[in-house]
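Reading the structure
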Amino acid sequence: MSEDALHRLWRRLVEHLDGPLLLITGALMLVGLSTVYSATYDASNRLVAQSLNMAVGLAAMWIVAQIPPQKLMRFGVPLYVIGVILLILVFVFGVKVNGARRWLSIGFTRVQPSELLKIAVPLMLAWYFHKHEAVLKFRHFVVAGVLLLVPFVLIAKQPDLGTAILVGAAGFYVIFFAGLPWQVIAGLGVAAASAAPFAWTMLRDYQRKRILTLIDPTSDPLGAGYHIIQSTIAMGSGGTFGKGWLEGTQTHLEFIPERHTDFIFAVFSEERGLLGNAFLVLLYLLLIARGLVIAANASTLFARVMAGSITLSFFTYAFVNMGMVSGILPVVGVPLPFMSYGGTALVTLSIGIGILMSIRTHRMLVRK
């Protein structure tokens, strides 16, 4: 193959990739991979599996980045409808694990339909607001709220409060960026505060216990409070500079629960310390800043609200996970973006990055 052909091939491969986003995402993935290795040093198969997950995620990111935003918009309605149907099927045919019915068995593997809604809900709502942009009225926000409420309730009923929060946040961000009046936001806040006592009665026993344990983890140190106590011990023991990679005693003596998934931030904190945490937070802030810049420069309502929703969803993931691990938020099943072990969430996050790249690079090509 000639040098000119190789140059054209290279340009074709990177044409729709955003350099800063790719660099930040790659850095987070590498940090995550090294932390997963430390957390699962006695199970090397997980390192291989996570490497494959990242490869699939990067491939999904590249594929989505090639699709123009106006074509991405067309996936909103079918993905949303399919996702809601699958959520309903979960209640009928779903596989029950640890008291929760969240998965559908398709023979050779199991799928979690709620993950699809993390992308389908903002896509659907962004399409809806784009369609009615010229005549946007309050009733459109009401309809959008109903479209968001349906999957939120179905997911919360599984029960999967963590995923329900993420889906609800992603949908709300779209509604917010579409121009939801501040008076309505204030009213919703007051209504939510007023409904708190009723919401408390709707929570399951283990969910109430998580909230009560947040206030006083020592009330059940070997039960509901164990996760918070051990993760905060690990974080505190890291000090300023950390104990060093592979040197975390709380990690390797297996005191930290779910140390390679939801509580991987505790592993990272113990080994890298306060300075490592500051670096990790900086990476997330750079990711969020880049996403907001892309949203601000988007040329259509669909692109703007979609980019804003995806970006603030990354913030929600990171904030909720770090808050949970450090003991300032209740324990919910929310992974740390590009750090926690797992394939489905990683691919979903990578698709989000791919959408941001599509919005950014296709706009630049149109301007050229």
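Residues numbered from 1 in each chain as written. Predicted model: local features only at pLDDT ≥ 70, side-chain atom pairs only at ≥ 80, totals over all residues. Heavy atoms only, no water.

Considering the overall build of the protein
Using the following cut-off: In this description a helix means any DSSP run of H or I spanning at least four residues, a strand means any run of E spanning at least two, and both kinds are numbered starting from the N terminus. Only C-alpha atoms enter the radius of gyration, while the globule expectation follows 2.2 Å times N to the 0.38, with N the number of residues. For every residue, the accessible area (1.4 Å probe, protein chains only) is compared with the maximum for its type, and the residue is labelled buried under 20%, exposed over 50%, or partly exposed between those bounds. The contact criterion used is simple: two residues touch if any of their non-hydrogen atoms lie within 4.5 Å.
Secondary structure summary: the protein contains 16 helices and three strands in total. Here the C-alpha atoms of the protein give a radius of gyration of 21 Å, agreeing with the 21 Å that 2.2 N^0.38 yields for 368 residues. For the protein, the C-alpha atoms occupy an extent of roughly 60 × 60 × 45 Å along the three principal directions. Residue burial in the protein is summarised as follows: out of 368 residues, 47% are buried. Of the contacts made within the protein by residues no fewer than 6 positions apart, 72% connect residues no fewer than 24 positions apart.

Here's the deal with the nonpolar core
Quick note on the threshold: Residues belong to a common nonpolar core when they are buried Ala, Val, Leu, Ile, Met, Phe, Trp, Tyr or Cys residues joined through side-chain atoms within 4.5 Å.
By size, the foremost hydrophobic cluster in this structure holds 85 residues, and its most contacted members are Phe129, Leu280, Leu336, Phe338 and Ile353. If one sorts the elements of this core by residue count, helix H15 (residues 301-325) sits on top with 14 residues. Sequence-distant contacts of Phe129, defined by excluding residues within four places in its chain, comprise Leu136, His140, Phe141, Ala144, Val174, Ile175, Ala178 and Leu301.

Side note on unusual backbone geometry
Residue Pro159 follows Gln158 across a cis peptide bond; omega there is 0 degrees. A positive phi angle, near 70 degrees, is found at Leu246, a position not held by glycine. Summarising the element assignment, Leu246 is placed in the loop between helix H12 (226-237) and helix H13 (249-252). The residue Glu258 is not glycine, and still its phi comes out positive at about 45 degrees.

Remarks on the sheet that holds strand E3 (residues 110-111)
Short version of the rule: Strand pairing requires that DSSP identify at least two bridges connecting the strands. Orientation is described by lines fitted to C-alpha atoms, with helices fitted over the stretch in contact, and by angles between N-to-C directions that extend from 0 to 180 degrees.
Overall, antiparallel pairing links the three strands, which are arranged E1-E2-E3 in an open sheet. Since the sheet does not close on itself, it has two edges, and those belong to strand E1 (95-97) and E3, each with one partner. Note that strand E2 (residues 100-105) and E3 share two bridges and pair antiparallel. If you follow Ser105 over to E3, its bridge partner there is Arg110. Along the sheet, helix H5 (residues 76-93) contacts E1 and E2; its crossing angle with E2, the most-contacted strand, is approximately 105 degrees.

Here we look at the packing of H12 against helix H14 (residues 264-296)
Worth spelling out the cut-off: Roughly parallel means an angle under 35 degrees; roughly antiparallel, over 145; roughly perpendicular, 65 to 115; everything else is oblique. Helix crossings are classified by the rotation of the near helix relative to the far one: an anticlockwise turn of less than a right angle makes the crossing left-handed, while a clockwise turn makes it right-handed.
At a minimum axis distance of 6 Å, the contact between H12 and H14 shows a crossing angle of 25 degrees. Taken together, the axis directions place H12 and H14 in an arrangement best described as roughly parallel. You can see that H12 and H14 cross each other, and the crossing is left-handed. In this structure, H12 contributes Ser231, Ala234, Met235 and Ser237 to the contact, and H14 contributes Phe265, Ala266, Ser269 and Glu270.

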